[in-house]
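Structural features, examined
Spelled out from the first residue to the last, the chains are:
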Amino acid sequence: MGTYSLHNETCFNSVYTALKNGYRLIDTAYMYGNEDEVGRAVRLAVLLPAM
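Predicted model, so just to flag it, every value in this text is computed and none were measured. (Residues numbered from 1 in each chain as written. Predicted model: local features only at pLDDT ≥ 70, side-chain atom pairs only at ≥ 80, totals over all residues. Heavy atoms only, no water.)

Quick word on the overall build of the chain
Note the cut-off: Helical segments are the DSSP runs of H or I of at least four residues, strand segments are the runs of E of at least two, and each set is numbered from the N terminus. C-alpha atoms define the radius of gyration in this analysis, and the globule rule sets the expected value at 2.2 Å times the number of residues to the power 0.38. Buried means the residue's accessible area, taken with a 1.4 Å probe over protein chains only, is under 20% of the maximum for its type, while exposed means over 50%, and partly exposed covers the values in between. Contacts between residues were defined by any pair of non-hydrogen atoms, one from each residue, lying within 4.5 Å. Per-residue accessibility takes into account occlusion by the displayed protein chains alone, with areas from the Shrake-Rupley method and a 1.4 Å probe. When charges are counted, neither His nor the chain ends are considered; positive counts come from Lys and Arg and negative counts from Asp and Glu. Where a charge lies is defined by one atom per residue type, namely NZ (Lys), CZ (Arg), CG (Asp) and CD (Glu).
Helices and strands together make up the secondary structure of the chain, namely two helices and zero strands. What you see for the chain is a C-alpha radius of gyration of 10 Å, in line with the 10 Å of a compact globule of 51 residues. Each of the three principal axes of the chain carries a C-alpha extent, and together these read 30 × 15 × 15 Å. Put simply, the chain has 51 residues, and 27% of those count as buried. If you take every contact in the chain between residues at least 6 apart in sequence, the share linking residues at least 24 apart comes to 68%. Element-wise, carbon and sulfur atoms account for 59% of the exposed surface of the chain, whose accessible area totals about 3,700 Å². Here the chain carries 4 positive and 5 negative side-chain charges, and the mean point of each set is 12 Å from the other.

Some remarks on the packing of helix α1 (residues 8-20) against helix α2 (residues 35-47)
As a reminder of what qualifies: Interaxial angles span 0 to 180 degrees and are taken between N-to-C directions of axes, which are lines fitted to C-alpha atoms, for helices over the stretch in contact. By definition, any crossing whose near helix is turned counterclockwise from its far helix by less than a right angle is left-handed, and any crossing with a clockwise turn is right-handed. In this classification, the charged set is Asp, Glu, Lys and Arg, the nonpolar set is Ala, Val, Leu, Ile, Met, Phe, Trp, Tyr, Cys and Pro, and all remaining amino acids, among them Gly, are polar.
For the pair α1 and α2, interaxial distance at closest approach is 8 Å and the crossing angle is 35°. The way α1 lies across α2 gives a crossing that is right-handed. On α2, the residues touching N8, E9, C11, F12, V15, Y16, L19 and K20 of α1 are E37, V38, R40, A41, V42, L44 and A45. For the contact of α1 with α2, the residue count by class is ten nonpolar, one polar and four charged.

What follows is the structure in structure tokens.
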């Protein structure tokens, strides 16, 4: 999943939902400027039990 154009809650929700639905490859880079949102989504998707 590419995250180049994603920011704020759109980024978080997209990455979180993708991970919860089986995605395992997230394309991200420092220059995208969304590392906080991607990181938060990854942490919550991995640490929270499946709902």
